[in-house]
Amino acid sequence: MTAFSAVDLRRMLSRLRDVMAGIGAVQERLDKVVALIAQDMRADVCSCYVMRAGEVLELFATFGLSQKAVHLTRLRVGEGLVGEIAAHARAVALADAWSHPQFVYRPETGEDFFRSLMGVPMLQAGRVVGVLVVQTREERPFNDWEVETLETVAMVIAELMAAAQVVKREELFETEGNALLPVRLTGVSLHAGVGIGLAVMHKSHVRIGRLVSDDPVAEQHRLHMALETLRQEVDALMDGAREDTVGFRDILEVYRMFADDRGWISRISEVIASGLTAEAAVQKVHDDTRVRMMQVLDPVLRERLQDLDDLANRLINILAGGTARIELPENAILVCRSIGPTELLAYDRRRLKGLVMEEGSPTMHAAVVAKALDIPVVAQVEGATTRIDAFGTIVVDANAGQVMLRPSEEVVDLYTAAIEARTKQKAAYAAVKNLAAVTKDGMQVSLSINAGFLLDMQGVIETNADGVGLYRTEMPFLTLSSLPDVNAQFALYRQVVAEARGKPVTFRTLDVGGDKIAASTASMPEDNPAMGWRSIRLTLDRPSLLRQQLRALIRATAGKELRVMFPMIAAVSELDAARRIFDMEIEQHLKAGGEAPAWIRIGTMLEVPSLLWQMEALVERVDFISVGTNDLMQFMFAADRGNTRLANRYDTLTPAVLRMLRYVADHCHKAGVQVSVCGEMAGRPLDALALLAIGYRHLSMSASGVGPVRAAIRSARLSDLEPFVKQSIATGQSSLREKLRAFALDHGIAVG
Ligand code: PEP
Ligand code: MG
């Protein structure tokens, strides 16, 4: 196995290709393949273990070990050296395998004669599908080049075996008993909703037609042409060729970084030099990177894997001449291990009824996009890509974080009915969207939406909301390593204002930290980040951040209304400090000859209970107050808002909360300060009714809440509602949710 050159490797790869492409049963061809590898690599043994159902590696073909052991020797993942290689997707090269503590002796193989062992994982699309091993009789070390050679060979065999369907996908269902029985998979809901459709595997794996090439120079040329096309594609996306990707500039920036990464490109070139086609080389480097990154514990870094997947797939697609766009059936549920945001945007969203992922987290870019497009998402579904049949019917119940495979007719009927009812309801909301949110006895309520991405801005028009009551400016920047400069922020805010089409937008300054840690601001780990150095505390300590943001906002709203709101204010002195910074920026803007905003309204979020005892001072200082009930509830009840165990423990409709909210509203009314609620409760019909009854006339919510809340308000009579809620608050101690629901039903109020 010495002095094995790149030329030798190329020769071996083309011989392998010929054998696999030849005639004969798959087993026969595999037998020839292992013999060929052993011969070319001058080894005494070459064995191929294949992953079977239940995470078991089966000796599938061997040259050198006893033929009796073929299909008999089985090792669990993690068992023995072979199992170890599969478990960690890492190569092992040992001069003396017998002395290794993980070595397991299997007498049926006749391994007694072989001392050294080199094994590598067979990877297909980043997944271990087998292990390829060579052994020699005498004790001998292996060098890096030999390991790399075997890795390249293993990758080629994995691809060829996948094409020949050596292991049928159906086999993986074995552990679930009868493959025809319904199965329920559980995961984590990233965006609620229900969808039924045919499972479509998201580029489950771009099948690479040509793996081996005899002309590395031509392949290098193809790679560089493809990289150029890739760069152009990303640039086109960045230039906002599609209007809904403009908000994702930050995400696309990451792509450009990879696409221009010298290390990445030179590694691909090296693999091409060893005899693979450009597309196979991209796949191999990507598989290697993926395996390495999977071992990294840092979740932020691991999340970037999705971007890398996205990019590698794009590049392979370009090289393979494929089209990035897959035609979806009428109702499709996309199934993937993970997906990049641009990949998701490439699908026809009208046909996309759900998304199921094996990986994924709430902060991943695709989840953010799915939310904006209102596609139900269930993530972290173990084995989704292997257990779900392509084009089989599946139900995604993202309300419960479940996916139903091979659902029974009753289940499909049940969910279909639920979806139909929901669709009807949506249509009903759409039909009245141009009617005012006014109660039967004439009380008008202003309904706005909460937004954070440009994509969300469509909601203003779609729901005919009165504006944006909360624009979370931190959202697009959460994954960046540094905040964008004034010009970039200015361009974004100007677009937000344009998309609001003359309706008011309340911009909240950066609310980073806590559960919204931006890489740019992540500092020392804190025991209680939600109560830590976050939001206004952070921006007051780093005034340049706040100043730049305010400057961009002032410029973006020249000649128009500017509404600025400060988050997490706990003391009026913080508001004063923020205000001073704002005044300074306005002054400088005017001095520099800039046009001033036509009106300026300064407000604060009320989400820290300490402000309740500073109301007099507070109302003197602001034009409006927006109550952030999400945080206010968390601090009032000392209950982490992200803790699912506490999710339903404290209700917003308990008299304690309503009394407190009424206190705030009363103070504001007396002082003539506009008051609104922009926490999640504002978007729930029952809660909205209660808020109406205690004096709130401005509500801001996610766009999906506007229709239901408008319907509830239009069907209610304030003169009935007010005394009922007042009485319930005065006499009760526990939540009035059920009482209020019964009241709504009795009075014909639409509460969903
Ligand atoms: C809130 O706390 O209620 C709020 C609206 O702000 P966020 O959810 O962004 O913290
Ligand atoms: Mg908040």
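See the structure printed just above.
Report on the accompanying structure. (Residues numbered from 1 in each chain as written. Chains lettered and ligands numbered in written order. Predicted model: local features only at pLDDT ≥ 70, side-chain atom pairs only at ≥ 80, totals over all residues. Heavy atoms only, no water.)

1. What to know about the overall build of the chain
At step 1: Tallying secondary structure elements over the chain gives 25 helices and 22 strands in all.
At step 2: Here the chain holds 752 residues, and the buried ones make up 55% of them.
At step 3: The contacts of the chain with a sequence gap of at least 6 include a subset with a gap of at least 24, amounting to 67%.
At step 4: Looking at the chain as shown, the accessible area adds up to about 31800 Å², and 53% of this sits on carbon and sulfur atoms. (Helix = DSSP H or I, 4+ residues; strand = E, 2+ residues; numbered from the N terminus. Buried < 20%, exposed > 50% of the residue type's maximum accessible area, 1.4 Å probe, protein only. Contact = heavy atoms within 4.5 Å. Areas by Shrake-Rupley, 256 points an atom, 1.4 Å probe, with all protein chains shown as cover.)

2. Concerning the coordination of the magnesium ion (ligand 2)
At step 1: At this site the magnesium ion (ligand 2) is bound by Glu607 (OE) and Asp631 (OD), with donor distances of 2.1 Å. Here Glu607 is found in the loop between strand 19 (599–606) and helix 19 (615–621), whereas its partner Asp631 is found in helix 20 (residues 629–636), with 24 residues between them in sequence.
At step 2: Classification of Glu607 as buried rests on a relative accessible area of 2%.
At step 3: Residue classification places Asp631 among the buried positions, given a relative accessible area of 3%. (Donors = N, O, S within 2.8 Å, 3.2 Å for Na, K, Ca; no water.)

3. Notes on the packing of aromatic side chains
At step 1: Enumeration over the complete set of coordinates arrives at seven aromatic pairs.
At step 2: Ring geometry for Phe113 versus Phe114: centroids 6.3 Å apart, planes at 85 degrees, classification edge-to-face.
At step 3: Classification of Phe114 by relative accessible area gives buried; the value is 3%.
At step 4: An aromatic cluster is built from Trp98, Phe103 and Tyr105, whose rings are joined through pairwise contacts.
At step 5: Cation over ring: Arg555 sits above Phe490, and NZ or CZ is 4.4 Å from the ring centre.
At step 6: Taking NZ or CZ as reference, Arg563 lies 4.3 Å from the ring centre of Phe624, over its face. (Phe/Tyr/Trp six-rings, centres within 6.5 Å; stacked < 30°, edge-to-face > 60°. Lys NZ or Arg CZ within 6 Å of the ring centre and 35° of its normal.)

4. Topic: the pattern of salt bridges
At step 1: Summed over all chains, the structure comprises 36 salt bridges.
At step 2: Ionic pairing is found between Arg17 and Asp214, a salt bridge with its closest N-O pair at 3.9 Å. Pair noted here: Arg17 is in helix 1 (residues 6–21) and Asp214 is in the loop between strand 9 (194–201) and helix 5 (216–238), with a separation of 197 residues, a long-range link.
At step 3: By relative accessible area, Arg17 is classed as partly exposed at 27%.
At step 4: Residue classification places Asp214 among the exposed positions, given a relative accessible area of 55%.
At step 5: A salt bridge links Arg563 to Glu561; the shortest N-O distance between them is 3.6 Å.
At step 6: Three or more residues are tied together by salt bridges with common partners; here these are Glu474, Arg508, Asp511, Arg534, Asp631 and Arg641. (Salt bridge = Lys/Arg side-chain N within 4 Å of Asp/Glu carboxyl O.)

5. Structural notes on helix 15 (residues 486–499)
At step 1: Compared with an ideal rise of 1.5 Å per residue, which puts 14 residues at 20 Å, helix 15 spans 20 Å between its outermost C-alpha atoms and is within 8% of the ideal.
At step 2: When we look at burial in helix 15, the residues that qualify are Val486, Gln489, Phe490, Leu492, Tyr493, Val496 and Val497.
At step 3: The inward-facing, buried residues of helix 15 abut strand 16 (468–472), strand 17 (505–508) and helix 17 (543–556).
At step 4: Within two residues after helix 15, Arg501 carries a phi angle of roughly 45 degrees, on the positive side. (Expected span 1.5 Å × (residues − 1).)

6. Concerning the packing of helix 20 against helix 21 (residues 655–671)
At step 1: With their axes 12 Å apart at the nearest point, helix 20 and helix 21 run at an angle of 125 degrees to one another. What the angle tells us is that helix 20 and helix 21 run oblique. As helix 20 runs across helix 21, the sense of the crossing is right-handed. Counted together, Thr629, Leu632, Met633 and Met636 of helix 20 and Ala656, Val657, Met660 and Leu661 of helix 21 form the full contact between these two elements.
At step 2: When its residues are assigned to classes, the contact of helix 20 with helix 21 shows seven nonpolar, one polar and no charged. (Axes fitted to C-alpha atoms, helices over the stretch in contact; angles between N-to-C directions. Parallel < 35°, antiparallel > 145°, perpendicular 65-115°, else oblique. Left-handed = near helix turned anticlockwise from the far one by under 90°. Nonpolar A, V, L, I, M, F, W, Y, C, P; charged D, E, K, R; others polar.)

7. Comments concerning the pairing of strand 6 (residues 127–136)
At step 1: In terms of residue burial, strand 6 counts as a mostly covered element, since nine of its 10 residues are buried.
At step 2: Sheet topology places strand 1 (residues 45–52) next to strand 6; six bridges connect them, and they run antiparallel. By the bridge assignment for strand 6, Val50 is matched with Gly130.
At step 3: As defined by bridge partners, strand 5 (residues 116–124) adjoins strand 6 across nine bridges and the pair is classed as antiparallel. (Pairing = 2+ DSSP bridges.)

8. With respect to the sheet that holds strand 13 (residues 393–397)
At step 1: As summarised here, the arrangement of the eight strands in space is 7-14-13-9-10-11-12-8, forming an open sheet in which the pairing is mixed. Two strands close off the open sheet at either side, each with one partner strand: strand 7 (183–186) and strand 8 (188–191). Strand after strand, the sheet turns through a mean of 30 degrees between neighbouring axes, direction not considered.
At step 2: Looking at chain direction, strand 13 and strand 14 (residues 402–405) are connected through four bridges and run antiparallel. By the bridge assignment, Val395 is partnered in strand 14 with Met404.

9. Considering helix 23 (residues 703–714)
At step 1: A rise of 1.5 Å per residue sets the reference length of helix 23, with its 12 residues, at 16 Å; its end C-alpha atoms lie 18 Å apart and thus fit the reference within 8%.
At step 2: Summarising burial for helix 23: nine of the 12 residues are buried, a large majority.
At step 3: All buried positions along helix 23 are accounted for by Gly705, Val706, Gly707, Pro708, Val709, Arg710, Ala711, Ala712 and Ile713.
At step 4: Looking at the buried side of helix 23, the elements it contacts are helix 13 (409–431), strand 15 (446–451), helix 14 (458–463), helix 22 (685–693) and strand 22 (698–701).

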